[in-house]
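Spelled out, the chains give:
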Amino acid sequence: MNKTTAWFLACRPKTLTVSLSPVLVGTAIAWHDAHAVLWLPLLAAALGAAFIQIGTNLFNDVGDFLRGTDTPGRLGPRRATAEGWLTPGMVKGGAWLSFALAFLCGIYLVWHGGWPIVAIGLASLAAGWAYTGGPKPIAYGPLGELFVFIFFGLAAVGGSYYLQTLSLTAMALIAAALVGSHAAAVITVNNYRDHDGDKAHGKNTLAVRLGRPATRRLYVLEMLAPYALLPALSDLGWPAALPLLSLPLALRLIARFHREQPGPVFNTILAATAGLQMVFACLLALAFPLV
């Protein structure tokens, strides 16, 4: 495997939209409220969020390998460390480099936004490392979906809005919950696919705790809740209905999730779920400038 390709795949580019979508939504709401966009904070926030997600992915790559969870025969996409494309030391070094780059973005953001950004930034970095690192990794318990909902929903949308306006509104938090719900669905697909292997290795994810039937119901809830909550944005008028244009895609994904047998096909469903979140977020972001 070419090293450049190995690094590219290790960063998991198909799901990086999960960190960029909330920045887009938070900035769009701020544009609606303040009638302006601060481009440098937007760029720094987008880069910082992407670097945190990449670093988290790399720590997950090497962490699962060292704990024996990832093997060359896993159902999910091939992992750089498990396949021997990159050494554990290289992947861990790449993860720390990603976090360092996120920290550099954060220095400017803290200068611009003050102590709330310090809290969000340090918590995000700590959680990104703890997702697979430490004595009790988040990914090895039932809180993975909650972690994603908080950091790729509430914190990311709310933080992006705050960087533009130095304030926070109920509208921004509602939108954050919608985006975070779809982000959590991405983790649910991943854990549903890996249910049997995770259970065998003592990785007690929410899918392992609930079992497959209840996890299918959880996926339905995570996928449809954002549409059910759109009336909370009724102050926007008709543009609040724009995200409904993505509902047919959500329904098709739910049908596939229930129909397909667990296996590599869920890699496609996972990528499509991340894509749905991006489409939903773009439509949601578009709704605010139209008001």
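Residues numbered from 1 in each chain as written. Predicted model: local features only at pLDDT ≥ 70, side-chain atom pairs only at ≥ 80, totals over all residues. Heavy atoms only, no water.

A.B. asks: So what's going on with the overall build of the protein chain? Which residues, and what values?
C.D. replies: Looking only at helices and strands, one finds 13 helices and zero strands in the protein chain. The N-to-C order of helical and strand elements in the protein chain reads α-α-α-α-α-α-α-α-α-α-α-α-α. For the protein chain, the C-alpha radius of gyration of 19 Å lies close to 19 Å, the compact-globule estimate for 291 residues. In the protein chain, buried positions account for 53% of the 291 residues. Sequence separation of at least 24 residues holds for 76% of the intrachain contacts in the protein chain that already meet a minimum separation of 6. For the protein chain, the accessible area works out to roughly 12,600 Å², and carbon and sulfur atoms hold 72% of it. For the protein chain, the separation between the mean place of its 19 positive charges and that of its 12 negative charges on side chains is 5 Å. (Helix = DSSP H or I, 4+ residues; strand = E, 2+ residues; numbered from the N terminus. Rg over C-alpha atoms; globule rule 2.2 N^0.38 Å. Buried < 20%, exposed > 50% of the residue type's maximum accessible area, 1.4 Å probe, protein only. Contact = heavy atoms within 4.5 Å. Areas by Shrake-Rupley, 256 points an atom, 1.4 Å probe, with all protein chains shown as cover. Lys, Arg positive; Asp, Glu negative; His and termini not counted. Charge placed at Lys NZ, Arg CZ, Asp CG, Glu CD.)

A.B. asks: Can you explain the pattern of salt bridges? Please cite residues and give values.
C.D. replies: Taken as a whole and judged by the stated rule, the model has five salt bridges. For lysine 203, the salt bridge is made with aspartate 64, and the minimal N-O distance between the two is 3.5 Å. Of the two residues, lysine 203 sits in the loop between α9 (195-200) and α10 (206-210) while aspartate 64 sits in helix α3 (residues 39-66), which places them 139 residues apart along the sequence. Each member of the pair lysine 203 and aspartate 64 is classed as buried. A salt bridge links glutamate 83 to arginine 78; the nearest nitrogen and oxygen atoms lie 3.7 Å apart. For glutamate 83, a relative accessible area of 22% gives the class partly exposed. Since its relative accessible area comes to 52%, arginine 78 is described here as exposed. (Salt bridge = Lys/Arg side-chain N within 4 Å of Asp/Glu carboxyl O.)

A.B. asks: So, helix α1 (residues 3-10): which residues are in play, and what are the values?
C.D. replies: For α1, the N-terminal capping position is held by asparagine 2, with its side-chain oxygen 2.8 Å away from the main-chain nitrogen of threonine 4. Positive phi shows up at arginine 12, right after α1, with a value of about 60 degrees. (Polar contact = N/O pair within 3.5 Å; in protein donor to acceptor, adjacent residues only side chain to side chain.)

A.B. asks: Describe unusual backbone geometry, naming the residues involved and giving the relevant values.
C.D. replies: One non-glycine residue, arginine 12, adopts positive backbone phi at about 60 degrees. Along the polypeptide, arginine 12 turns up in the loop between α1 and α2 (17-34). Given the relative accessible area of 16%, arginine 12 is considered buried. Not every positive phi belongs to a glycine, and leucine 166 is a case in point at roughly 55 degrees. Of note, leucine 166 is situated in the loop between α7 (144-165) and α8 (170-193).

A.B. asks: Could you give an account of the side chain of aspartate 198, with specific residues and numbers?
C.D. replies: Mapped onto the elements, aspartate 198 comes out in helix α9. Among buried charged residues, aspartate 198 stands out as having no salt bridge; its nearest opposite-charge side chain is lysine 203, 4.2 Å away. The residues touching aspartate 198, leaving out its near neighbours within four places in the chain, are Thr69, Asn191, Lys203, Thr205 and Val208.

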